[in-house]
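Working through the structure, step by step
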Amino acid sequence: MKKFNIRKVLDGLSAASSSAQSPQPGTQENNLIQETLQSEHFQLCKTVRHGFPYQPSSMAFDPVQKILAIGTQSGALRLFGRPGVECYCQHESGAAVIQLQFLINEGALVSALADDSVHLWNLRQKRPAILHSLKFNKERITFCHLPFQSKWLYIGTERGNIHIVNVESFSLSGYVIMWNKAIELSSKAHPGPVVHISDNPMDEGKLIIGYEAGIVVLWDLKSKKADSRYTYDEAIHSVAWHHEGKQFICSHSDGTLTIWNIKGQGKPIQTITPHGKQPKDGKKPEPCKPILKVEYKTTRAGEPFMILSGGLSYDTVGRRPCLTVMHGKSTAVLEMDYPIVDFLTLCETPYANDFQEPYAVVVLLEKDLVVIDLAQNGYPIFENPYPLTIHESPVTCCEYIADCPVDLIPALYSVGSRQKRQGYSKKEWPISGGNWGLGTQSYPEIIITGHADGTVKFWDASAIMLQVLYKLKTAKVFEKSRTKEDKPVADIENEDPFAIQIMSWCPESRMLCVAGVSSNVIIYRFSKLEITTEVVQLMEVRLQYELNDMESPEGGGDQAPALPTPGASPSPQTSGPPTQPSTSSNNSDGGRDNVPCLKVRSTPLKQSPGYQVELVIQLVGAGGEPPQPITSLAVNSSYGLVVFGNSSGLAVVDYLQRSVLLNLGTVELYGSNDPYQRQPRSPRKTRQPSGGLCDINEGSATSEDRCKSPTSVLTSNHQQFYNGGGRGAKMSRKLSLPTELKPDLVLLSVCAPRGSNPLDHRDNSFSRSRSSSVTSIDKEAREAITSFHFCETFARKGDSGVTPCLYVGTSLGSVLAVALNLPPAGEQRLLQPVIVSPSGTLVRLKGSIQRMAFLDATGSMLPPAFEPWYEPNAPADGEERDKARKRRPVSVSPSASQELSESQYAVVCSEKQAKVMVLPSQNCIFKHSITETSFVLRADVVQMGSGICLACFCANGHIMTLSIPGLRPLLDVNYLPLTDMRIARTFCYTNLGQAMYLTSPTEIQRITYSQDTCENLQEMLGELFTPVETPEAPNRGFFKGLFGGGAQSLDREELFGESVAGKASRSLAQHIPGPGGIEGMKGAASGIVGDLARARIALDERGQKLGELDERTAAMMTSADSFSKHAHDMMLKCKDKKWYQF
C-alpha cells in the first residue's frame, strides 16, 4: 500500500464542490495512511471478575490448600486464595449453588445445585472445569457430605433417602439408606428432608442423619440398620459432632441447642437457649428465632467453642443479624451489617477426630465477607484484602484508564493508605492458598468508580488484579441538612442527592471533575498536603434559554421584572453582572426562582491529602423546580477550563479566574446555520422562524415584552459576550421534567429550556400556568449536549493553523466547533479573559454523538493538551516557580512540530455511524454505518499496540472494532445477548485492548479484545492449586491402640462398591461427562509447567523415534551389505558358465 500523501488528497478534495456528496469509503484508499491493525490482532475474551459474589448462597473452605469457594444463586462459583488469586466459574444451568464440598488437598470441588445436579470441578488448572456431572431425576438434593480422604459422597434428599456417589467415576452406588428403614417402624409420619449427614469422627462405620422433623438417626453402615434414634419436638436445622464422637449438638427452630450422648436414647443431656430469657419458676424459656447453624469446636488447652447464627429472641425487632460465639462461660454476640448466609470455622486440623483448635470464623453475609479472629480478645475482624467493597454504595458510573503515568498509582496509594480504619486483627489473612500468575503486562491501569452516596473510588487494576487506592467523599462539600423544612429539593425525587453522574479526569495533571445528579460540578486538585478551606468557592450558574413565544405576565403589576443577567439587556457590559462568584441570586419571587439542589457548606472544610475541592459550580433551578441533569462534562488542565452541558445547552467556565466564559443554548451554537427546522428560541429580528409549526397564543406579546435569556443578544453583540461580558453570569438548567409542572407555578424570567421532554399533550395546562412564557416544544428541538473534546486543531474550514478548540457533540448528531483564544501563560492567564467563539458545524451524523478524536497527518492520535501535576499547596517561595511552570501548557500532540500546511483527521462516532473527516477542508473521506437495528452505547478511539482503532459497544450486545482511518470492520462479536441499563451505564473501553463493565451490582467484569492479551492470559492468571503435604493423622496413643477406643476405619469400597452393593437404578440419576475430560485436564494442569512437561515428553518421544530410525537404518544397511555380498558371490560363481549350463 502506498504511503500517504496529504497534499495530493487535499488537491483532489478541494477540486470537488463543497456542496457535493462526501466521497464514499474506498475512493481514497491508495493515498491514505497505511493501516497496521488487521482482524488477526483482535480476539474477545473475559479476563477476570472482581468484587463481591452477587447473591451468595453457599461456601466451603479447604483447610490444607487454604482456598475459599463461594457459590451464588445464579450458579456462579468464585474461588479465593491469597490476595490477588481469584477465579470465576459458571455452571451452565444457572441454578443456585446450594452446597459446596472440597476434596480436601485434592484440587477438586463438588458443587450441588438447586436443579438437583452434582458437579465435580477440577481446580488443578488455571481455569477450573467440570469433570463429571450427575443429574438426579426423581429426587431433590437437600444435603451433601464428603468425609475427609474418602471418595464416597453422601447425598441426602427431600424424600429422606441417602444415596452414595463415587466421586472418581461419578457413578451411583447400589447402597441406599431409605428413610423408612432409618426411622422407627412404629412411626407413621414422614421425618422430612435430610438436613444433615456426617460420620462419627471416631467410627467411620457410624453415620448420623438429621431429619428436618426433629429425628436424628445413628446409622450403622455395615449392618445396614439404625443403632439409635434421638427425637426432639422441634425442627432441626443443623447438627455438629464433638471430636471424640461421644456427643453431638443440634440446633432447632425454637432457638434452642440440644446436646446428646450417643449412648443415651431418651432425652438430651443438656438444652440451651442462648438468647432466651430464663424464667425463675423453672419453666421453658420463651421461644426464640431459629438457630440456623451451629458448630462445635474443641481446643486442647481450654473450653470448646460453640458458634451459632440466628437464635435471637423475637422481641429484638430491628436488631441486626448476629453471630454468637460461646466459649466457656462467656458469650459474645457479634452484630453483622447484613443477613448471614453461611459461616465456617477455620481449624488447625482437617481431621474430625482430633482437637479442632479453631482460630477464625469466616462469615458470608448477603453483601460482605467477614473473617473473625477467635484467638484474640474481643474477637477483632481481619482486614479484608480482596476488592469486595465495589458495591459499598451502588456504582453509578465508571472510568477505566490503561497505561497512565507511572507515578500516579504510588501517589494515590500514599494518600489512600492514611484513610484505613484501625482495630483490625494483627494476624495474617488466613485464606492464603494459590500462587500469583506471571504477569507480563507491566503497564499501570486505574479504574475509577462513582457511587450513589457521592464517593469516588480509585482502584489499581494493573496485572488483572484490583486493589482500592483512594476514596474521595464529594458529599463533604455540601451541608447535610435533613430536616423536613430544610430538605434538599433533590431529596424529594432522589434518595441519593450526592450521586456521581459523570467524571472527567486528566491523569497527567491529576485534575478531577465530577458532575452530580443534583446538577452540580465539583473541580478537584490533587495535593499531598493537608489544608483547611475557610470558604468553599461556589459559582451559581443558570442555563436558561428562550421559549418560542411569551405571554405578557398575567396580573401585570403583581410580578417582578425579569432577573437582570448579563445578556438580558442589549449591552451585557453595562448590565452589572455579579462579580462575586459565590453570591447567591436573589429574586422577588421569594427565593423560589433560584433553588440549588444542594447547599454548599458554609463552615471551614478540613481537606486531607488527596483530592481537594477547588471550585463548586451549582446549577440553579427556576420556580422551585430543580435544574436539569448534566449530560456531558470535560476538563482541560492546560487551558484551565471546564465545560458541561445538558438538554438546554452548555457552559464554559474558567476555573482559574472563576468566571463563566460561555453560556449558550445548543441552538445558539449553530448561529444562522441551524440545520434543523424548529421554532426560534427568542423572536430576534435577525432570525426569522424557520419552523412551520404554529406557536401557542401567536402574537400575544411584542418581542420587547417577552423575557430574554442571557444569549438573546448574541447575534448583534457576539464579541462583547465572548470577551468576558458574561463572566459570572448565573446559569440555570432546564426544568427537570415539564410533565411535572404544576399549574399554579409562577415562572419568572425563566423559559422552559429547549431540550425539555415533550409535554405529553399537556400543553393546555402548561399554557394556563401563571407564567411569563408559554412554549410548544417540538420533539426535534430536544438537542442535548452529549460529548466534548478539547484539542489543538483547525477551528474553521480552511484555517491555516491549529488553535486550541473545543468540539461539541449533540444528541441530534451535530459536531460543532468552539475556538478558544487563550491569553499568554503565567500572570497574564490569570488577568486577561479567555475568548471563546463558536465556529460553526463540522459534520452531522445519524444519531447522538458518542465520541470524537483527532489524528495528525501520520495517523497518530492527538490527545488533549495538559499541564504536568504540581503541588498546589506548596510554600510561597516555591509557589511562583511552580505557577510559572504550570502555566506552560504541555501539548502532547505531534501537531506542535507539524508544518502548518499539514492536515489532521477528525474521527466522529455516533449511535449509528462513524465518519472520518480531513481538516481543515472538512471533507468526509470515510463513513461507515455501524448498526441499523440497534445503537451504540459506548464508543472510544483507543490505542492498540501497533495502531489505533474505533471500539464500539452496541445495545444489542455486539462488541465491534473498526480500523482508522478506513473504518474497516476488524472485529464483531455478539458478546452479550441482552444489555441491561447497568452494563450500558458502566461499560468502558481503554487503550491496549482492555474493557470493563459491571456485570452485577457488586462485580466488575474485565474483558479484552486484544489477541496478544488473550494469548498471554493463561500465564497471567494465578494458580489455585499448589502441592501441599497433608498433615499427619492424630496419634492414637498406646493405650487406645491396645484397648481400642481410637478411630475406627471402614473399608467403604467393600460396602459401597459394585461387587457388593450392586448397581443403582439407571432412572435415578443421569451421568453427564464434563467438558474438561481427565486427559485434557492433565495437559492444561499447570500453565508453563504443563507446557514444559509436554515439550519434554515430545522431545523424549522424538528422540526415541530418532533412535528407532537409526537402528532401522543400521539394520537396512547390514541387510544391503549382505545382499551385495551374496550377489557378488553369485556373480563370481556364474561368471564363466554358459547359458545352457544353468
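None of these values were measured; they are calculated from a predicted model.

**A closer look at the packing of aromatic side chains**
Going through the model one piece at a time under the given rule, you end up with 22 aromatic pairs. Relative to Y351, the ring of F148 lies with its centre 5.0 Å away and its plane at 75°, an arrangement referred to as edge-to-face. Of this pair, F148 sits in the loop between strand 10 (141-145) and strand 11 (152-157) while Y351 sits in the loop between strand 26 (340-347) and strand 27 (358-365); the two residues are 203 residues apart in sequence, bridging distant segments of the chain. Take F148 and Y351: they sit in the same class, and that class is buried. Where F526 meets Y611, the ring centres are 5.3 Å apart and the plane angle is 70°; that geometry is what we call edge-to-face. On the criterion of sequence distance, the pair formed by F526 in strand 35 (residues 520-527) and Y611 in strand 39 (residues 610-619) is long-range, its members being 85 residues apart. Here F526 and Y611 have matching classes, each one buried. Among the aromatic side chains, those forming a connected cluster through ring pairs are F458, Y470, W505, F526, Y611 and W869. Just above the ring of Y88 sits the side chain of R49; from NZ or CZ to the centre is 3.7 Å.

**Points about the sheet that holds strand 29 (residues 395-402)**
With respect to topology, 4 strands assemble into an open sheet ordered 29-30-31-32, the strand pairing being antiparallel. The sheet terminates laterally at strand 29 and strand 32 (467-473), the two strands that pair on one side only. The average undirected angle you get between the axes of adjacent strands in this sheet is 20°. Of the strand pairs in this sheet, strand 31 (residues 455-460) and strand 32 are connected by 6 bridges, and their pairing is antiparallel.

**Focus: the sheet that holds strand 9 (residues 129-136)**
Pairing is antiparallel in the open sheet, where 5 strands are placed in the order 6-7-8-9-59. Both outer strands of the open sheet, strand 6 (97-103) and strand 59 (1069-1073), are each paired with one neighbouring strand and no more. Strand-to-strand twist across the sheet, computed as the mean angle between neighbouring axes with direction ignored, equals 15°. The pairing of strand 9 with strand 59 spans 5 bridges and is classified as antiparallel. Among the inter-strand pairings, F136 is bridged to a residue of strand 59, identified as A1069.

**Topic: helix 3 (residues 408-416)**
Considered for burial, the residues of helix 3 that qualify are L408, I409, A411, L412, V415 and G416. In an axial view of helix 3, the angular spread of the buried residues amounts to 165°, which keeps them on one side of the axis.

**Here's the deal with unusual backbone geometry**
Omega for the bond connecting L919 with P920 falls within 30 degrees of zero, at 10°, which places this linkage in the cis form. Locating P920 in the fold gives a position in the loop between strand 50 (913-919) and strand 51 (923-929). Look at the link from I964 to P965: it is a cis peptide, with omega at 10°. If you trace the backbone, P965 turns up in the loop between strand 54 (958-963) and strand 55 (969-974). Of note in the backbone geometry, I464 takes a positive phi value of approximately 50° without being a glycine. Inspection of the secondary structure puts I464 in the loop between strand 31 and strand 32. Non-glycine residue S519 carries a positive phi angle of around 60°. The exposure class assigned to S519 is buried, which follows from its relative accessible area of 0%.

Cut-offs and rules
Residues numbered from 1 in each chain as written. Predicted model: local features only at pLDDT ≥ 70, side-chain atom pairs only at ≥ 80, totals over all residues. Heavy atoms only, no water. Phe/Tyr/Trp six-rings, centres within 6.5 Å; stacked < 30°, edge-to-face > 60°. Helix = DSSP H or I, 4+ residues; strand = E, 2+ residues; numbered from the N terminus. Buried < 20%, exposed > 50% of the residue type's maximum accessible area, 1.4 Å probe, protein only. Lys NZ or Arg CZ within 6 Å of the ring centre and 35° of its normal. Pairing = 2+ DSSP bridges. Axes fitted to C-alpha atoms, helices over the stretch in contact; angles between N-to-C directions. Arc of directions from axis to C-beta.

Functional significance is not addressed by these values, which are geometric in nature.
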